[in-house]
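# Residue-level structural notes
Here is how the chains run, residue by residue.
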Amino acid sequence: MRSRVWGGTAAVVLGGLLAVGCGGGDRGRTDTADDGGGKAGNPVSGDHPVTVTDCAGARTTFSAAPEKIVTSNAAGLELLLRLGAGDKVIGTGFPPGKGTLPGALGTEAQQVTVLSRTVIPKEKLLGSGADLYIDTFAAMGGMGGGGMGDAPTEEEFTAAGIKHIYLKSTACAATAKKPVTDLSAVEADITTLGAVTGTSAKAKRLVAGMEAKVDAVRKAVGGTAPSERPTYFFFDYDAGTKQPTVVCNRQVAHAVITLAGARNVFADCDGDYRQVGWEDVIARNPDWIQLGVRDRGSEAANDKAFDEAERWLKSNAATKGLKAVRDDHFVRVGSERTTIAGVGNADTVQQIARTLYPGKVG
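Residues numbered from 1 in each chain as written. Predicted model: local features only at pLDDT ≥ 70, side-chain atom pairs only at ≥ 80, totals over all residues. Heavy atoms only, no water.

## Let's talk about the overall build of the protein chain
Broken down by element type, the protein chain carries 14 helices and 15 strands. Counting across all 362 residues of the protein chain, residues that qualify as buried make up 56%. Nonlocal contacts in the protein chain, meaning residues at least 24 apart in sequence, comprise 70% of its contacts between residues at least 6 apart. Total accessible area on the protein chain stands at roughly 14,400 Å², and carbon and sulfur atoms take up 50% of it. (Helix = DSSP H or I, 4+ residues; strand = E, 2+ residues; numbered from the N terminus. Buried < 20%, exposed > 50% of the residue type's maximum accessible area, 1.4 Å probe, protein only. Contact = heavy atoms within 4.5 Å. Areas by Shrake-Rupley, 256 points an atom, 1.4 Å probe, with all protein chains shown as cover.)

As structure tokens, then:
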């Protein structure tokens, strides 16, 4: 049984960058709105001033909605587009590939100025004229290194007149104290960005839509005992086949898999991503394998990539004997909307559940 879903949020290289960029460090910060009494919580309105508090305790106050926003990558960009604040975005790094975002969202995304195909260089970011930078990378050190220069300091952001906030669902994922098993962090990002940009009504609708889809799946498969739920392996084909990169229990994909009624075979791995050996995958012998390929820009190209990933598993001596491979239990769902935090995570929960529990999920 196969399922095909696209509409992810990132360019091809984004997943790998997040795997590196979300790990530890004292700059790993996340933003939630302050309730006005000094206690961090979810904002309930878009009225200004709005104060957001990161996970290091630092507070950033917005006296008015920002007018010129730069996003570090396609995850933040997509959220702003869905909130109706796309006209405020003056630039982005890691732009979404053509066809990655659906319909009008994709068209609008293609009109955003690309400041860098990868990490935005420090000088370009500070000289962008932005009044807000939405950062997904957290403690990324040199913001990806590779000659891109050091990340701006908070003092440099302030001197340039740029407020600097982070996405909770990715920036602090690797250093979370417990596994992520729901989409509350993603929903908090949407709610916070809605408050900051004055689009709280839209944010509320987006969150409600996500919750409705996840709740429907929960009701449909909730009666299945944990021990009876199928085991599941996210095969990140584009990360390389020599040594598999797996999603661990701090990555949003773990929440997606769990909410869909499956058991991530690497749920005991603390962190967001980890490289393992194929012998580790064989030892866990999953019931289902998701063919995690990234959007190629067209349905035909995507189908070809799925076919390539499946063919590799069936022809490789180390994997052709896996239960999922023998049973032809492959889930064809684009990797971006599984591993990159966003509204589409709820759709992926629904699609995976429909495949694993045919006839139970509407």
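## As for the packing of aromatic side chains
The full count for this structure, using the stated rule, is 8 aromatic pairs. With centroids separated by 6.4 Å and ring planes inclined at 80°, the aromatic side chains of Phe233 and Trp278 adopt a geometry described as edge-to-face. In this pair, Phe233 sits in strand S10 (residues 231–235) while Trp278 sits in helix H10 (residues 278–284), placing the two residues 45 residues apart along the sequence. For the ring pair Trp278 and Trp312, a centre distance of 5.3 Å and an interplane angle of 35° mean the geometry is tilted. Here Trp278, found in helix H10, pairs with Trp312, found in helix H11 (residues 299–315); they are 34 residues apart in sequence, far enough to count as distant. (Phe/Tyr/Trp six-rings, centres within 6.5 Å; stacked < 30°, edge-to-face > 60°.)

## Some thoughts on the nonpolar core
The nonpolar side chains of soluble globular proteins are, as a tendency, buried together. One finds Ile134, Leu183, Ile190, Leu193, Tyr232 and Leu356 to be the most contacted residues of the largest nonpolar core, which totals 59 residues. Examining the composition of this core, we find that 7 residues originate from one element, helix H8 (residues 200–221), more than from any other. Apart from the residues lying within four places of it in its own chain, the contact partners of Leu183 are Met210, Val214, Val252, Ala255, Val256, Leu259, Asn345 and Ala346. Formed by 23 residues, the second largest nonpolar core is a distinct cluster that contains Val276, Trp278, Trp312 and Leu313. (Core = buried A, V, L, I, M, F, W, Y, C linked by side-chain atoms within 4.5 Å.)

## Brief notes about helix H2 (residues 74–83)
Taken across its 10 residues, H2 has 10 buried, putting it largely inside the fold. Along H2, the residues that are buried comprise Ala74, Ala75, Gly76, Leu77, Glu78, Leu79, Leu80, Leu81, Arg82 and Leu83. Where H2 is buried, its residues contact strand S5 (69–71), strand S6 (89–93), helix H3 (103–110), strand S8 (132–135), helix H7 (184–197) and H8. Regarding H2, its N-cap is Asn73, as a side-chain oxygen of that residue lies 3.0 Å from the backbone nitrogen of Ala75 further along. Where H2 ends, the next residue or the one after it, Gly84, has phi of about 85°, a positive value. (Polar contact = N/O pair within 3.5 Å; in protein donor to acceptor, adjacent residues only side chain to side chain.)

## Notes on H3
Leu105, Gly106 and Ala109 are the residues of H3 that are buried. Projected onto a plane normal to the axis of H3, the buried residues spread over an arc of 95° and lie on a single side. Opposite the packed face of H3, turned more than 90 degrees from it, sit the exposed residues Gly103 and Ala104. Packed against the buried residues of H3 are H2. (Arc of directions from axis to C-beta.)

## Remarks on the side chain of Thr136
In this structure, Thr136 sits in the loop between S8 and helix H5 (154–159). Given a relative accessible area of 0%, Thr136 falls into the buried group. Polar contacts involving the side chain of Thr136 include one to the side chain of Asn73, which spans 3.2 Å.

## Some points on the pairing of strand S4 (residues 59–62)
Where burial is concerned, the two faces of S4 differ: the one with Thr60 and Phe62 is buried and the one with Arg59 and Thr61 is not. In this sheet, S4 lies alongside strand S3 (residues 50–53) in antiparallel orientation, the contact comprising 4 bridges. Note on S4: the bridge partner recorded for Val50 is Phe62. (Pairing = 2+ DSSP bridges.)

## Observations regarding the pattern of salt bridges
Any two side chains of opposite charge can pair if their charged atoms end up close together. Taken as a whole and assessed by the stated rule, the structure comprises 16 salt bridges. Across the pair Arg82 and Glu78 runs a salt bridge, and its minimum N-O distance is 2.6 Å. Placement of the pair is Arg82 and Glu78 together in helix H2, with a separation of 4 residues, close to one helical turn. For the salt bridge of Asp238 with Arg296, the shortest nitrogen-to-oxygen distance reads 2.8 Å. Here Asp238 is found in the loop between S10 and strand S11 (245–247), whereas its partner Arg296 is found in the loop between strand S14 (288–291) and H11, with 58 residues between them in sequence. Residue class for Asp238 comes out partly exposed when judged on its relative accessible area of 26%. Each of Asp307, Glu310, Lys314, Asp328 and Arg332 takes part in one network of salt bridges that share partners. (Salt bridge = Lys/Arg side-chain N within 4 Å of Asp/Glu carboxyl O.)

## With respect to the confidence of the model for the protein chain
Here the protein chain averages 84 in pLDDT, and 83% of its residues register 70 or above. Here residues 1–32 scores under 50 on pLDDT; set against residues more than four positions off or in separate chains, the count is 141 contacts. A low-confidence stretch, residues 34–46 stays under pLDDT 50, and its non-local contacts, those more than four residues away or across chains, total 26 contacts. (pLDDT = per-residue confidence, 0-100.)

## Description of the state of the cysteines
Under the counting rule described, the total for this entry stands at 1 disulfide. At a sulfur-sulfur separation of 1.8 Å, the disulfide partner of Cys248 is Cys269. For the disulfide bridge between Cys248 and Cys269, the dihedral angle about the S-S bond is near 55°, and by the sign convention the bridge is right-handed. With Cys248 in the loop between S11 and helix H9 (252–259) and Cys269 in the loop between strand S12 (263–264) and strand S13 (273–275), the pair connects residues that are 21 residues apart, well separated along the chain. (Disulfide = S-S within 2.5 Å.)

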